[in-house]
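# A closer look at the structure
Here are the chains, one letter per residue:
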Amino acid sequence: MLDNDATGTTDAATGSGTGSGTGSRSGSGTGTGTAAVDERWAAFHRWGPYALLAVGTLVAWSAADAIGMTTGERRASGALIGAAVVLQLWWNRAARTRPEPSRAGTCYYALRWALGFALTWLNPLFAFYAVIGYFGAQYLLPRRLCRAGLFATAVTLAGSQSGGLPPRGVMGWVLFGAILTVNSMLVALFAHFAALEEARGRARVETIAELERTNTALHQALDENAALHAQLLVQAREAGVADERRRLAAEIHDTLAQGLTGIIAQLQVVGAAPDPALGREHLDRALALARHSLGEARRSVHNLSPVALADDGLPDALKKTVTEWGERTGVRARFTVTGTAEHLHDEVAATLLRIAEEALSNTARHAAADRVGVTLSYMGDEVTLDIRDDGRGFDPLTARERTPVGGFGLDGMRARAERIAGSLTVEAEPGHGTALSARVPLVRHDR
């Protein structure tokens, strides 16, 4: 549980405390930031009263002669200080088993307030300790008693701020009433803010629960797709159609896997987006990726060209692919065409587009790049596709193990290029980015 407490402030010039606040609790199962805040608030509730009591005691006793405390008042304050320490020792042990408002918490809050009130009566500077009543009120008190507890704390602090309790003379009572009114208004204001925060917390919990249900459904779909994929591979192996099996595996990796990866990334951003409009934007992107992947899957089954090439030539398809990838990943991506563009054979265009998609996917997963440049060059009797990034790079001579979630990577791209009598070269160095170049024959589209 997370306590978001509005804090109080102390006036060092008068030695009195002002402020207001309530605690609100909201649950969240994600993010290390929430856990860190939880730990800090827990530490404050455990040790804060001791620190404030020590400060109040030091300041009050330093000014005891100036305020005119008698010997009896000094002894009484010493006894009350000891009682406050004992009370806090008891509560630190009891609170471990009472994380919610309870009767014990109400008794602790009431006794702590009474001690603070009595100490402030003896010396106004003990308000440094009494201000603790503004922290964790909703954490300790039932909702119906929370405002009453905060008002009682406001009374103690208003008495300190007006010169001490009880007020002296008519002007003393007028000043006390005015300060109490201001403190009460602050209490109401912070209580309202706390209620709003609690409502937002409940909304976050509901959103997280919905995302968990969505993720569960998505994992089930991934499991089903994995089973179907395995079944397809078995059928292909039994039929002995090795080439068809490689084609299907590569197409599914380039379409469904990358599409689902993009969908998961967009849904994860939705979980962390505080703005509903931004969340809706990422949901729309996830939906568009799902539709695109479905179209690619259908075309892969029928051995058709990629969806991006259905209505556009290779340059336009590559430009759209690079632009959409840059928007999805947040990496600055630029596409350039050199030479005179020609209408390529479907197999050549599909091969270069798939190589670009795989290279961009690898860049997003491994490179941690800030900029990516893609260049399509028409040079006489061949076409060259260059993809460059300024990411972390790697050592091309070091064997790279294929991960369980990884795809075909460089070997797959090289196999695609070689299938149409082309070649693939890679230049990379750790810390200095990666440059990939695919060169294939310029085979024009059949008329």
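The structure presented is a predicted model; accordingly, all values stated were derived computationally and were not measured.

Conventions and cut-offs
Residues numbered from 1 in each chain as written. Predicted model: local features only at pLDDT ≥ 70, side-chain atom pairs only at ≥ 80, totals over all residues. Heavy atoms only, no water. Helix = DSSP H or I, 4+ residues; strand = E, 2+ residues; numbered from the N terminus. Buried < 20%, exposed > 50% of the residue type's maximum accessible area, 1.4 Å probe, protein only. Contact = heavy atoms within 4.5 Å. Areas by Shrake-Rupley, 256 points an atom, 1.4 Å probe, with all protein chains shown as cover. Pairing = 2+ DSSP bridges. Axes fitted to C-alpha atoms, helices over the stretch in contact; angles between N-to-C directions. Parallel < 35°, antiparallel > 145°, perpendicular 65-115°, else oblique. Left-handed = near helix turned anticlockwise from the far one by under 90°. Nonpolar A, V, L, I, M, F, W, Y, C, P; charged D, E, K, R; others polar. Expected span 1.5 Å × (residues − 1). Arc of directions from axis to C-beta. Salt bridge = Lys/Arg side-chain N within 4 Å of Asp/Glu carboxyl O. Core = buried A, V, L, I, M, F, W, Y, C linked by side-chain atoms within 4.5 Å.

## Examining the overall build of the protein
Regarding its fold elements, the protein presents 13 helices and nine strands. Counting only residues that meet the buried cut, the protein has 42% of its 447 residues in that class. In the protein, once contacts between residues fewer than 6 apart in sequence are set aside, the share between residues at least 24 apart is 69%. Accessible area for the protein stands at about 24,200 Å²; split by element, carbon and sulfur atoms hold 59% of it.

## Looking at the sheet that holds strand β7 (residues 382-389)
The strands making up a sheet are joined through hydrogen bonds of the backbone, oriented either antiparallel or parallel. Strand order in the open sheet made by the five strands is β5-β6-β7-β9-β8, with mixed pairing throughout. In the strand order of this sheet, the two ends are held by β5 (332-338) and β8 (423-428), each with one partner. Across the sheet, the mean angle separating the axes of adjacent strands is 10 degrees when strand polarity is ignored. With six bridges joining them, β8 and strand β9 (residues 434-441) adopt antiparallel strand pairing. By the bridge assignment for β9, L424 is matched with A438.

## Some points on the packing of helix α11 (residues 314-329) against helix α12 (residues 346-367)
The geometry of α11 relative to α12 is characterised by a closest axis approach of 10 Å and an angle of 15 degrees between their N-to-C directions. Put simply, α11 runs roughly parallel to α12. The interaxial crossing formed by α11 with α12 has right-handed handedness. Contact with α11, carried on its side by L314, A317, L318, T321, V322, W325 and T329, involves A349, L352, L353, A356, E357, L360, S361, T363 and A364 of α12 and no other residues of that element. Classifying every residue of the contact of α11 with α12 gives 11 nonpolar, four polar and one charged.

## Points about the packing of α12 against helix α13 (residues 409-419)
At a minimum axis separation of 10 Å, α12 and α13 run at an interaxial angle of 170 degrees. The angle between α12 and α13 places the two elements in the roughly antiparallel class. Listed contacts from α13 to T351, R354, I355, E358, A359 and N362 of α12 are G409, M413, R416 and A417. Grouping the amino acids of the contact of α12 with α13 by side-chain chemistry returns four nonpolar, three polar and three charged.

## Structural notes on the environment of R147
Relative to the helices and strands, R147 is located in helix α7 (residues 143-161). Separated by 10 residues in the primary sequence, R147 and A137 have C-alpha atoms spaced 8.4 Å apart. If we ignore the near neighbours within four places in the chain, the residues touching R147 are A188 and A191.

## A closer look at the pairing of β9
In this sheet, β9 lies alongside β7 in antiparallel orientation, the contact comprising eight bridges. Along β9, the bridge assignment pairs R388 with A435. Between β8 and β9, which pair antiparallel one after the other, the connecting turn spans five residues, and G431 there sits at a positive phi close to 85 degrees.

## Description of α11
Here α11 spans 22 Å end to end across 16 residues, near enough to the 22 Å set by a 1.5 Å rise per residue. Along α11, the residues classified as buried are L314, P315, A317, L318, T321, V322, W325 and G326. All buried residues of α11 fall inside an arc of 165 degrees around its axis, so they share one side. Exposed residues lying more than 90 degrees from the buried face of α11 are K319 and E327. Packing partners of the buried residues in α11 comprise β5, α12, β6 (371-379) and β7.

## Some words on the pattern of salt bridges
This structure, assessed with the given rule, holds seven salt bridges. Of the charged contacts in the structure, one is a salt bridge between R354 and E357, with a shortest N-O distance of 2.9 Å. Residue R354 and its partner E357 are located together in helix α12, separated by three residues, close to a single helical turn. Accessibility assignment for this pair places R354 and E357 in one class, buried.

## Brief notes about the environment of T336
By the secondary structure assignment, T336 is in strand β5. Since its relative accessible area comes to 28%, T336 is described here as partly exposed. Considering only alpha carbons, one finds T336 and L376, 40 residues apart in sequence, at a separation of 6.3 Å.

## A short note on the nonpolar core
Among the nonpolar cores identified, the biggest contains 39 residues, and W91, Y134 and L150 are the most heavily contacted of them. For this core, the element with the highest residue contribution is α7, accounting for six residues. Membership of the second largest hydrophobic core comes to 35 residues, among which are A356, V374, L385 and A438.

## Some thoughts on unusual backbone geometry
The backbone of A368 sits at a positive phi, close to 55 degrees, despite the residue not being glycine. Secondary-structure assignment places A368 in the loop between α12 and β6. Of note, the phi angle at A421 is positive, near 65 degrees, even though the residue is not glycine.

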